[in-house]
Amino acid sequence: MSTTITVFRGDGIGPEILDVTLEILEAAGADLACEIFDVGAAEYEAHGALVPDAAYASFEKTHVLLKTPITTPVGKGFRSLNVMLRKKYDLYANIRPAKSNPAVKTRYQDIDIVTFRENTEDLYAGVEEMISEDEAHSIKIITRKCSERIIRAAFAYAVAQGRKKVTCVHKANIMKLSDGMFRDIFYELAKEYPQVEATDMIVDNTAMQLVMNPNQFDVIVTENLYGDILSDLTSGLIGGLGLLPSSNLGDDYAMFEAVHGSAPDIAGKGIANPTAFLWSACMMLEHIGKQDAASRIRRAVDAVLADGSVKTPDLGGQASTREYVDAILAKL
Ligand code: NAI
Ligand code: MG
């Protein structure tokens, strides 16, 4: 049965990875009706709105959004559209699975870490104020409600997936009230999931442990900022941002995107690795009940990576996006 989804075509490498992903989805028999909209910085310059009203209306109808990255100006200009979307649609659980692929050689083996990042508050709430010309305040907001629901999501996932351990990452030694509450709630809720080991770690140590001994981690649950930083780190363990997908789930809406940004340094060169985005699309297919199409795509990608002769430059190869995608299409 055909399913209607909303698609946002963003900036930089966004259009490059989107067009080929839609080709692969079609070839895999995903049977999607896509309502596609241009969004982001380029759209803003052309038409004065980051997201056209019709694009919001589409998402509010389909409740499923596949989205490529958007360029956000640094230190000035409009606020991050990604942060805005996550808040507007209450997409509170940002799930980022970093799994080693046996065909991609890195210094690490058998990495399988899923980060659950709180997606709606913390320093990303955007509560910033100039106190004087020389003093700026940025307020960190942590609430019981948002902490509980991300921690519950992490434990529920661990149970459903038969995972053994959830690690709560925080800085409660310094931020005793905000991070202290997050950690307390973690251990309160952990009692409801006795089959899963619950443990906690301070964020700076976690950064070191992830590099020195990453195989000790299973599921990580953490606040917004730490999750943003540590999940990029986990991508580095498995071969880089070209391989890390994500879902952003709320109770009513779901958004799927790669963890990476618009990669302006390689945009337009035809060498972007579409795998992270393609795997995000697979997470979307699984979310809407199209497991078969997702498995076909995952098998085709694995076969191309295992074959090894067609790899994009970020993975040490020389293939263009097009050549890599053609190899996947051939396997399909
Ligand atoms: P980035 O993730 O775009 O790039 C970091 C590095 O990884 C670059 O060297 C890039 O070439 C490489 N890279 C990223 N994705 C790749 C891929 N698919 N294939 C091959 N190489 C890849 O991070 P950066 O440069 O810090 O941010 C660029 C812009 O993206 C900024 O405006 C930022 O705000 C935005 N951004 C948007 C996100 C989103 O829309 N969800 C997420 C992260 C950043
Ligand atoms: Mg990030």
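We now turn to the structure provided with this report. (Residues numbered from 1 in each chain as written. Chains lettered and ligands numbered in written order. Predicted model: local features only at pLDDT ≥ 70, side-chain atom pairs only at ≥ 80, totals over all residues. Heavy atoms only, no water.)

1. Points about helix H6 (residues 178–190)
Taking 1.5 Å per residue, 13 residues should reach 18 Å; H6 reaches 19 Å between its end C-alpha atoms and fits that length. Within the sequence span of H6, burial applies to Ser178, Asp179, Gly180, Phe182, Ile185, Phe186, Leu189 and Ala190. Turning to H6, the residues buried within the fold contact helix H5 (144–160), strand E8 (165–170), strand E9 (197–202), strand E10 (219–222) and helix H8 (224–238). (Helix = DSSP H or I, 4+ residues; strand = E, 2+ residues; numbered from the N terminus. Expected span 1.5 Å × (residues − 1). Buried < 20%, exposed > 50% of the residue type's maximum accessible area, 1.4 Å probe, protein only. Contact = heavy atoms within 4.5 Å.)

2. Some remarks on the pattern of salt bridges
Throughout the structure, instances matching the rule amount to 21 salt bridges. Between aspartate 90 and arginine 149 there is a salt bridge; the shortest N-O distance is 2.7 Å. Separated by 59 residues along the polypeptide, aspartate 90 in the loop between helix H4 (81–88) and strand E4 (93–99) and arginine 149 in helix H5 bring together distant segments of the chain. With a closest N to O distance of 2.9 Å, aspartate 326 and arginine 322 form a salt bridge. (Salt bridge = Lys/Arg side-chain N within 4 Å of Asp/Glu carboxyl O.)

3. As for the packing of aromatic side chains
Evaluated as defined, the whole model comprises seven aromatic pairs. Here the aromatic rings of phenylalanine 186 and tyrosine 187 are separated by 5.1 Å at their centres, their planes lie at 75 degrees, and the arrangement is edge-to-face. Phenylalanine 186 gets classed as buried once you look at its relative accessible area, which sits at 0%. Each member of the aromatic cluster is reached from another via a ring pair, and the members are Phe155, Phe186, Tyr187 and Tyr193. Geometry around tyrosine 56 places lysine 88 over its ring, the cationic atom sitting 4.6 Å from the centre. (Phe/Tyr/Trp six-rings, centres within 6.5 Å; stacked < 30°, edge-to-face > 60°. Lys NZ or Arg CZ within 6 Å of the ring centre and 35° of its normal.)

4. Some points on the sheet that holds E9
Strand order in the open sheet made by the ten strands is E2-E1-E3-E12-E11-E4-E5-E10-E8-E9, with mixed pairing throughout. What marks the edges here is a single partner per strand, and that holds for strand E2 (32–38) and E9. This sheet shows a mean twist of 20 degrees between the axes of neighbouring strands, independent of strand direction. Pairing of E8 with E9 involves six bridges; the strand directions are parallel. Looking at E9, one finds that cysteine 168 is bridged to aspartate 200. (Pairing = 2+ DSSP bridges. Axes fitted to C-alpha atoms, helices over the stretch in contact; angles between N-to-C directions.)

5. A short note on a nonpolar patch on the surface
Taken together, the side chains of Val127, Ile139 and Ile141 present a nonpolar region at the surface, about 200 Å² in accessible area. Tracing the sequence through the fold places isoleucine 139 in the loop between strand E7 (135–138) and H5. Here isoleucine 139 falls in the partly exposed class, since its relative accessible area comes to 39%. (Patch = residues over 30% accessible without salt bridge, like charges linked within 9 Å, V, L, I, M, F, W, Y side chains within 5 Å. Areas by Shrake-Rupley, 256 points an atom, 1.4 Å probe, with all protein chains shown as cover.)

6. Side note on the nonpolar core
Ranked by size, the top nonpolar core spans 58 residues in total, and within it Leu25, Leu66, Met284, Leu285, Ile297, Val301 and Ile328 carry the most contacts. It is helix H9 (residues 275–287) that contributes the most residues to this core, nine residues altogether. Apart from the residues within four sequence positions on either side, isoleucine 297 is in contact with Ile24, Leu25, Ala28, Leu278, Cys282, Leu285 and Leu332. Counting residues in each nonpolar core, the second largest holds 21 residues, with Ile150, Ala190, Tyr193 and Val219 among its members. (Core = buried A, V, L, I, M, F, W, Y, C linked by side-chain atoms within 4.5 Å.)

7. Digging into the site of ligand 1
Around ligand 1 sit 20 residues in total, of which Ile70, Gly261, Ala263, Asp265 and Asn273 are the nearest. Contacts to ligand 1 include asparagine 82, whose side-chain N or O atom sits 2.9 Å from an oxygen atom. Interatomic distance of 2.7 Å between a backbone N/O atom of glycine 261 and an oxygen atom of ligand 1. By residue class, the composition of the shell around ligand 1 is nine nonpolar, seven polar and four charged. (Near = heavy atom within 4 Å. Polar contact = N/O pair within 3.5 Å; in protein donor to acceptor, adjacent residues only side chain to side chain. Nonpolar A, V, L, I, M, F, W, Y, C, P; charged D, E, K, R; others polar.)

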